[in-house]
Amino acid sequence: MKKAIFPGSFDPITLGHYDIIERGVTLFDELIIAIGINADKKNMFSLEERKKFIEGCFGNHPKIKVVAYEGLTVHFCEENKVDFILRGLRNPADFEFEKAIAHTNRDLSKIETVFLLTAASTSYISSSIVRDVIRNHGDYTKLVPKSVRIKA
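Definitions and cut-offs
- Residues numbered from 1 in each chain as written.
- Predicted model: local features only at pLDDT ≥ 70, side-chain atom pairs only at ≥ 80, totals over all residues.
- Heavy atoms only, no water.
- UniProt positions renumbered as here; feature names shortened; annotations may be inferred.
- 1 Å grid on protein atoms, 1.4 Å probe; cavity = no way out; pocket = protein on both sides within 12 Å on 5 of 7 lines; lining within 4 Å.
- Helix = DSSP H or I, 4+ residues; strand = E, 2+ residues; numbered from the N terminus.
- Contact = heavy atoms within 4.5 Å.
- Core = buried A, V, L, I, M, F, W, Y, C linked by side-chain atoms within 4.5 Å.
- Buried < 20%, exposed > 50% of the residue type's maximum accessible area, 1.4 Å probe, protein only.

Asker: Before we go on, may I ask you to explain the UniProt feature "binding site: substrate" (unreviewed entry) in the protein chain in this structure?
Answerer: Mapped onto this numbering, the UniProt entry annotates "binding site: substrate" (unreviewed entry) at Ser9, Lys41, Thr73 and Arg87. Restricting the annotated residues just mentioned to those that line the largest pocket leaves Ser9, Lys41, Thr73 and Arg87. By the element assignment, Thr73 lies in helix H3 (residues 73-79). Beyond its immediate chain neighbours, meaning those up to four positions away, Thr73 contacts Ile5, Pro7 and Ile85. Along the polypeptide, Arg87 turns up in strand E4 (residues 84-89). Beyond its immediate sequence surroundings of up to four residues, Arg87 is in contact with Phe6, Pro7, Gly8, Glu98, Thr113, Val114, Phe115 and Leu116.

Asker: Where do I start with the nonpolar core in this structure?
Answerer: Membership of the largest hydrophobic core comes to 26 residues, with the highest contact counts inside it found for Ile13, Ile21, Leu31, Ile33 and Ile54. Looking at this core, the elements with two or more residues in it are strand E1 (3-8), helix H1 (15-24), strand E2 (30-37), helix H2 (47-58), strand E3 (64-70) and helix H5 (127-135). Apart from residues lying up to four places away in sequence, Ile21 is in contact with Phe6, Ile13, Leu31, Ile33, Phe58 and Ile64. Grouped together as the second largest cluster of nonpolar side chains are 10 residues, Ile5, Ile32, Val74 and Val82 included.

Structure representation (structure tokens):
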């Protein structure tokens, strides 16, 4: 059974994340969308809201689970018998950052990282851009799945 994790803060989930999840789930028997808890990070949305947003997109998908975790991603993978980490790449800067993490993860564990390029139509979207648009009362609805469309 090929099991993968798609880790992130998902603050909030974007159409870019959605695209990677939709395409990534076809590669694995199970895909765990893992919301990382980082006490040092100030999130716009609570863990419960972020989980609800993701479950609103994929809650009925038989191959997808949504969980929260703390600590190292490789430790989560070892504890849950996950063999692959799925990551999306928007641009060369993402690649350089993700490459360093992938090498570190492989050094710490036998975990393999699988990269998917984001679709051209979503490659400019990031959670930080979405948060900025929301904070400034812009139309963020074109950047996120329907489950994230809140009254901001």
